[in-house]
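# Observations on chain architecture
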Amino acid sequence: MADCIRVPLLLLLMCLGLAAGNPGVDERNQGAGASLSRRRSTGWKLAEEAVCRDDLTRLCPKHSWNNNLAVLECLQDRKEDSEIAAECNHLLWNYKLNLTTDPKFESVAVEVCKTTISEIKECAAEELGKGYLVSCLVDHRGNITDYQCNQYITKMTTIVFSDYRLICGFMDKCRDDINTLKCGSISTGEKDVHSQGEVIACLEKGLVREAEDQTGAHVIREECKKAIMRVAELSSDDFHLDRYLYFSCRDDRERFCENTLAGEGRVYKCLFNHKFEDSMSERCREALTTRQKLIAQDYKVSYSLAKACKSDLRKYHCNVDTSLPRAREARLSYLLLCLESAVHRGRVVSGECQGEMMDYRRMLMEDFSLSPEIVLHCRSEIESHCSGLHRKGRTLHCLMRVGRGDMGAIDPSCQKALQTLIQEADPGADYRIDRALNEACESVIQTACKHIRSGDPMILSCLMEHLYTEKMVEDCEHRLLELQYFIARDWKLDPILYKKCQSDASRLCHTHGWNETSELMPPGAIFSCLYRHAYRSLEQGRRVSLSENHGSMLSRDCKVEVQRILHQRALDVKLDPELQRRCMTDLGKWCSEKTEAGQELECLQDHLDDLVADCKEVVGNLTELESEDIQIEALLMRACDPVIQAHCHEVADNQIDSGDLMDCLVQNKHQKEMNEKCAVGVTHFQLIQVKDFRFSYKFKTAYTRRIEVDVVICLSTTVRNDTLQDAKEQRVSVKCRKQLRVEEVEMSEDIRLEPELYDSCKTDINKLCQNVAFGNAQVIECLKENKRQLLPRCHQKVFKLQEVEMVDSELDYQLMRVCKNMIRRFCTESDGKNVLQCLKQNKNSEMMDPKCKQMITKRQITQNTDYRLNPVLRKACKADIPKFCDSILKKAKDETELEGQVISCLKLKYADQISSLCTEEAAAQEQTGQVEECLKINLLKLKKEGCKKEVLNMLKESKADIYVDPVLHTACALDIKHHCAAIPPGKGRQMSCLMEALQDKRIRLQPECKKRLQDRIDMWSYAAKVAPAEGLGDLAMQVMTSPSKNYILTVICAGVALLFMMGLLCGRFTKRVTQELKDR
């Protein structure tokens, strides 16, 4: 160390010629200096001077009077309101000046620090006699282990730091800046020691203002900047050396840090921790903030941080980056990012250093003003939205809320500054760094996350899992979402995700180090890259199989973390950067009123067809992902937890969901455990599934070809036609048909799940079913009951729906729901598609539920309106319908109902003309009983010819087959079993058998059967009399069965004979006339 310039701002001793060459020192000072020089050699003491005796007696304890250094320390550390005489002040100044410039002082240092000097090579090499030795010892005082030497150097440091003019070279380097900033007088001895500490504080504030680019800030010269920072660095271990802070915080130190020992920066740290206490004085808080801002500019201003992390900085090359300017390299943010990068990469950083890092990361989060970029770029946002919230990180969280868009727009440079600060502080690694979050969420952590170790990164994840639950408090919810908004925009800020996925990200997404960024792959794009590789390949947009591209798949641990992040992001649309960026316009256009949790995404999904292309793509991708793993919908999962626990827990425990959980929820949608929120959520998911087949994962994987949006309807029609036409080979695969049935069953529950039907019938729904709730197929049932009043378009769609339901009874939601128990009782062995047929056969059973019986009757009435609604009849009679009822088919229009015309036609023809199979099916249409029986009995009383004709037709039909007459069949069931079991049904054979048994006196029929048979004979006789003949056959039958048969036949024969005779006579006359003409 050859001169003061080599060690700027070290605690250097005043050069010997300084006092002699200073014209500002008056004669009295020189005399005092000479007097002091003379007296020092004779054992002179400050306490003996008359000018200081009164002040000494008043301010200093008596035991310190014999030690000049103790007296000096006592007087210069007095309270500001304790003035001392001007003569005494000048005496102290000259004593310090002479003490620090006396070469003999160096000899004392050599004697006291003999061992230390030999250990420190730099100090041993200094030339003696020039005052540089003490300067070197001060520079290395952190390495001094000898107690006496350490105490001696500390005492001398305190003396010199009491006045900036005693520091060699400081005044010369900063004279112009002191004058420009008006930081105080530079005249020797003009002001007391207190004002001289304010000079350095003034320069430090000027340096801070320049860094923050404040209006009117003075640009301090570079050499003065270095001098200021060096003074701050040298005063970092003992707060006594920062004279302005010492005097400003003296009372606060006694209040908060009374038991904290001075040295090694301990008092500083203690005061920092209490900076925002209500009882902290504003002057001390201001001084502490200035000190912290200097630390933010140069980490070495913090003694404890520089000492604790010295070896780690060297180990991980955090201070040897030659590509950065020295000022940038020394910044606290650079140190934190470098060491945090090492920690996140799994490198070992000492616990002491990590502790210091955490303290300063917390410091950055508590006070936004410590980040010059925040102050510079967010000034307008702070003034507009966040003024008056300076303490405990509230301003920073307010800025985060502005950044989220909750309080207006934010400048991009401010947004970037906030993102940078969050990365530097890294609160994702330990929630306690964010004091505002820690205080707001303390109660939630104690209840919901008490099983997790304090400080564990999983605490934040736990809080996210309990977002919008009963355990969450509002303040914690806001602070959490504000922080997560920025963590979501840089994947590295989630330490668990980074740890599990850093190798995958490096391999697949070409990432760099933790604190390095790339324009080609910005931090926000990394998670999107991981997400794409977790669920689909980039080229095909679908799930990647092991055989296709094993190298492009994520590790299992990484995929679990990606799923966790997706679950959390689904809670709030603003936690998905890509979604928010692309859908900002659509969110404002369609979803501005949707402010509740999860409503924004649901709104975007509801308006999927109306979204702009970019937004539609990202919403579609997210919805497609939800179809595979519905657990991403955390809010829905919470609402549905009772149903999941009761009915779907095995599926929910499966890590690879593949749509099974949603299928289970749909199947159990009407269980007693299903609450309104869950039902609404499940229905919403069903509604968005019908918008695009890709949103049903199972259906998408079952049918892999590219098809249109109405794919379900298209495939359903194909399957139905193949079934009805007895196609040898189905055109739709077995796997696809199976999943298609699942989709169709789900769609049958709510008309909104069938957009084409819903759109066609909106007007009719509002008119006829406005008070009917959606769900349980109630609206569909309402439309069926009012079918005759529907508009043509809706009527056609409802008819097509009924046609599909009759082909597959499982798609008839109301029938399956109302007859659920009866199906279990009677139809367990029946195919699901034939449930209605089975129920019809057991309709009259005594164990049949009345509600189910009523529903079966409604379906039978529906089937009787059109043969196409009875697939069994349609299949059995496909040859006979065109043959006998072709005229009806030709008159009918496509997709219009035939109003029972074809069935009536078949009934009239089946008795003796239709094939045996079709006869049975046509007969099976009549499954009613008591009403028809009443009409038959009261046939004579019927006045309307149309009704009488229909009853006569029923009697005619019943004569052909006993199954058409359910009352007679029920009464004679035992007799048929005993006497006609060998007779096949159809063509009136069993009826003839019973008639023969009735006439056979040896056979005893059941009384009820005998009575019903006799009634039928009477009815048939009457019908034969009054029924009009519809053809020659009917006419011949009526004649042969008439009591006046002989008379009628005689008349007919006489008429025929008469006609014959007249023919003969007419023929003869004609012949004779012709002969006469020939003769002429």
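Residues numbered from 1 in each chain as written. Predicted model: local features only at pLDDT ≥ 70, side-chain atom pairs only at ≥ 80, totals over all residues. Heavy atoms only, no water.

The name an unreviewed UniProt entry assigns to the chain is Golgi apparatus protein 1, from the organism Oreochromis niloticus.

This part takes up the overall build of the chain. Broken down by element type, the chain carries 64 helices and zero strands. Across the 1080 residues that make up the chain, the buried fraction comes to 51%. Look at the contacts in the chain between residues 6 or more apart in sequence, and 63% of them connect residues 24 or more apart. Entry remark: accessible area of the chain is about 53,300 Å², with carbon and sulfur atoms responsible for 51%. (Helix = DSSP H or I, 4+ residues; strand = E, 2+ residues; numbered from the N terminus. Buried < 20%, exposed > 50% of the residue type's maximum accessible area, 1.4 Å probe, protein only. Contact = heavy atoms within 4.5 Å. Areas by Shrake-Rupley, 256 points an atom, 1.4 Å probe, with all protein chains shown as cover.)

Each aromatic ring pair is characterised by the separation of its centres together with the angle its planes make. This structure, assessed with the given rule, holds six aromatic pairs. Residues Trp491 and Tyr498 carry aromatic rings whose centres are separated by 5.0 Å and whose planes lie at 45 degrees to one another, so their mutual orientation is tilted. For the pair formed by Trp491 and Tyr498, the shared burial category is buried. Among the aromatic residues, those joined into a cluster by ring pairs are Phe239, Tyr246 and Phe247. Stacked on the ring of Phe527, the Lys or Arg Arg569 has its end atom at 4.2 Å from the ring centre. (Phe/Tyr/Trp six-rings, centres within 6.5 Å; stacked < 30°, edge-to-face > 60°. Lys NZ or Arg CZ within 6 Å of the ring centre and 35° of its normal.)

Together, Leu1049, Ile1052 and Val1056 make up an exposed nonpolar region whose accessible area comes to about 240 Å². Structurally, Leu1049 can be placed in helix α64 (residues 1045–1079). (Patch = residues over 30% accessible without salt bridge, like charges linked within 9 Å, V, L, I, M, F, W, Y side chains within 5 Å. Salt bridge = Lys/Arg side-chain N within 4 Å of Asp/Glu carboxyl O.)

Turning our eyes to something else, we now look at unusual backbone geometry. The backbone of His317 sits at a positive phi, close to 55 degrees, despite the residue not being glycine. Structurally, His317 can be placed in the loop between α18 (310–315) and α19 (326–329). Among the residues examined, His317 registers a relative accessible area of 55% and is labelled exposed. In this structure, Ala777 is a non-glycine residue whose phi angle is positive, near 60 degrees. Among the structural elements, Ala777 can be located in the loop between α45 (755–768) and α46 (778–785).

With that settled, the discussion passes to the confidence of the model for the chain. For the chain, the mean per-residue pLDDT works out to 76, and 72% of the residues sit at or above 70. Within the chain, helix α1 (residues 27–40) has the poorest average pLDDT of any element, 43, and helix α27 (residues 442–448) the best, 93. Of the regions scoring below 50 in pLDDT, residues 1–42 engages in 83 contacts with residues more than four places distant in sequence or in other chains. Across residues 704–709, where pLDDT falls below 50, the model places six contacts with residues more than four positions away in sequence or in other chains. (pLDDT = per-residue confidence, 0-100.)

Grouped together as the largest cluster of nonpolar side chains are 105 residues, with contacts concentrated most on Leu332, Leu339 and Leu463. Setting aside anything within four residues of it in sequence, one finds Leu339 in contact with Cys309, Asp312, Leu313, Tyr316, Cys318, Val349, Cys353 and Met357. If you look at the next biggest cluster of nonpolar residues, it comprises 21 residues, including Ala505, Tyr531, Cys558 and Leu566. (Core = buried A, V, L, I, M, F, W, Y, C linked by side-chain atoms within 4.5 Å.)

One pass over the full model with this rule turns up 22 disulfides. A sulfur-sulfur separation of 2.0 Å characterises the disulfide bridge that pairs Cys648 with Cys664. Given an S-S torsion of about -90 degrees, the disulfide between Cys648 and Cys664 has left-handed geometry. Taken together, the positions of Cys648 in helix α39 (residues 641–652) and Cys664 in helix α40 (residues 660–667) put the pair 16 residues apart, joining distant regions of the chain. In this pair, the class of Cys648 matches that of Cys664, namely buried. The residue that forms a disulfide with Cys761 is Cys794, at a sulfur-sulfur distance of 2.0 Å. Negative torsions about the S-S bond denote left-handed disulfides, and the value of about 105 degrees found for Cys761 with Cys794 makes this one right-handed. Within this pair, whereas Cys761 is found in helix α45, its partner Cys794 is found in helix α47 (residues 792–807), the two being separated by 33 residues in sequence. (Disulfide = S-S within 2.5 Å.)

Between two packed helices, what matters for the description is the angle formed by their axes and the separation of those axes. At their nearest, the axes of α45 and α47 sit 8 Å apart, and the two run at 135 degrees to each other. It follows that α45 is oblique to α47 by the angle criterion. Crossing hand, α45 versus α47: left-handed. From α45, Glu756, Leu757, Asp759, Ser760, Cys761 and Asp764 reach across to α47, where they touch Arg793, Cys794, Lys797, Val798 and Leu801. Here the contact of α45 with α47 is built from residues that sort into five nonpolar, one polar and five charged. (Axes fitted to C-alpha atoms, helices over the stretch in contact; angles between N-to-C directions. Parallel < 35°, antiparallel > 145°, perpendicular 65-115°, else oblique. Left-handed = near helix turned anticlockwise from the far one by under 90°. Nonpolar A, V, L, I, M, F, W, Y, C, P; charged D, E, K, R; others polar.)

Our next topic: the pattern of salt bridges. Applying the stated criterion to the full structure yields 47 salt bridges. The residue Lys797 makes a salt bridge to Glu756 at a minimum N-O spacing of 2.6 Å. Within this pair, whereas Lys797 is found in helix α47, its partner Glu756 is found in helix α45, the two being separated by 41 residues in sequence. Judged by relative accessible area, Lys797 falls into the partly exposed class, the value being 26%. The class of Glu756 is partly exposed, set by a relative accessible area of 36%. One connected set of salt bridges, linked through shared partners, spans Glu781, Glu785, Asp812, Lys858 and Arg859.

Attention shifts here to the side chain of Asp238. In this structure, Asp238 sits in the loop between α12 (222–234) and α13 (243–248). Buried and unpaired, Asp238 has Arg253 as its nearest opposite-charge partner, separated by 6.7 Å. Contacts of Asp238, omitting those with residues within four sequence positions, involve Ala262, Gly263 and Tyr268. (Lys, Arg positive; Asp, Glu negative; His and termini not counted.)

A word on the environment of Leu271. Relative to the helices and strands, Leu271 resides in helix α15 (residues 266–273). Along the backbone, Leu271 and Phe256 are 15 residues apart, and their C-alpha atoms lie at a distance of 7.2 Å.

Right, let's get into helix α28 (residues 458–465). One full turn of an α-helix is made of 3.6 residues, so residues set three or four places apart face in the same direction. Among the eight residues of α28, six are classified as buried, and the element is accordingly described as predominantly covered. Every buried residue of α28 is accounted for by Ile459, Leu460, Ser461, Cys462, Leu463 and Met464. The elements touched by buried residues of α28 are α26 (435–440), α27, α29 (474–487), α33 (556–569) and α38 (634–639).

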